[in-house]
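Reading the structure
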Amino acid sequence: MGADGCIDWQHEANNGLETIWCVDGCPLTQIYQEKYSVMSRADFWVASANAVVKLSSPNNELDLKSTFKWGRVDAEQCPDSALRLPGASDCGQVQDVFLNRLGLNW
């Protein structure tokens, strides 16, 4: 799922997304269609990710609602979008981004 609301269904990193996002009837798609279709898919996916961060943080303390910015524009086609995804590896890439670059800790 890209920041432009587009999914490269051919990229292996997106395997399994069809169980939650599809044309009709998948859980996340259904929530979007029924309640949130006034916003772009891209904004919806970011808002959804922010909700998961809040729900998975201790005591729901990490609430990103006040920092959310609207206005992402959906793309219907996303050629080469898979190039922005990290390659398959161990947790080193995750550690580099979250610990080394963002300064978070375990």
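Residues numbered from 1 in each chain as written. Predicted model: local features only at pLDDT ≥ 70, side-chain atom pairs only at ≥ 80, totals over all residues. Heavy atoms only, no water.

A short note on the overall build of the protein
Looking only at helices and strands, the protein has three helices and zero strands in total. Element order for the protein, N to C, with α for helix and β for strand: α-α-α. Per-residue burial over the protein gives 28% buried out of 106 residues. For the protein, contacts bridging at least 24 residues in sequence account for 48% of all contacts bridging at least 6. Here the protein displays about 7,900 Å² of accessible surface, and carbon together with sulfur accounts for 56% of that area. (Helix = DSSP H or I, 4+ residues; strand = E, 2+ residues; numbered from the N terminus. Buried < 20%, exposed > 50% of the residue type's maximum accessible area, 1.4 Å probe, protein only. Contact = heavy atoms within 4.5 Å. Areas by Shrake-Rupley, 256 points an atom, 1.4 Å probe, with all protein chains shown as cover.)

Some remarks on the packing of aromatic side chains
A complete count under the given rule lists six aromatic pairs for this structure. Ring centres 4.8 Å apart and planes at 85° place the aromatic pair phenylalanine 68 and tryptophan 70 in the edge-to-face group. Given the relative accessible area of 15%, phenylalanine 68 is considered buried. (Phe/Tyr/Trp six-rings, centres within 6.5 Å; stacked < 30°, edge-to-face > 60°.)

With respect to a nonpolar patch on the surface
Together, Val94, Phe98 and Leu104 give the surface a local cluster of nonpolar side chains, amounting to about 270 Å² of exposed area. With respect to the element layout, valine 94 can be found in helix H3 (residues 92-101). (Patch = residues over 30% accessible without salt bridge, like charges linked within 9 Å, V, L, I, M, F, W, Y side chains within 5 Å. Salt bridge = Lys/Arg side-chain N within 4 Å of Asp/Glu carboxyl O.)

Notes on the side chain of arginine 41
Note that arginine 41 resides in helix H2 (residues 41-56). For arginine 41, a relative accessible area of 16% translates into the label buried. Side-chain polar atoms of arginine 41 contact the backbone oxygen of glycine 5, separated by 2.9 Å. Setting aside chain neighbours within four positions, we find arginine 41 in contact with Gly5, Trp21, Tyr32, Asp74, Ala75 and Glu76. (Polar contact = N/O pair within 3.5 Å; in protein donor to acceptor, adjacent residues only side chain to side chain.)

Topic: the confidence of the model for the protein
Mean pLDDT over the protein works out to 82, with 88% of the residues at or above the 70 mark. Put simply, H3 is where the protein has its lowest mean pLDDT, 76, and helix H1 (residues 27-36) is where it has its highest, 92. (pLDDT = per-residue confidence, 0-100.)

What about the nonpolar core?
If you look at the biggest cluster of nonpolar residues, it comprises eight residues: Ile7, Leu17, Trp21, Leu28, Tyr32, Met39, Phe44 and Trp45. Those elements that place two or more of their residues in this core are H1 and H2. (Core = buried A, V, L, I, M, F, W, Y, C linked by side-chain atoms within 4.5 Å.)

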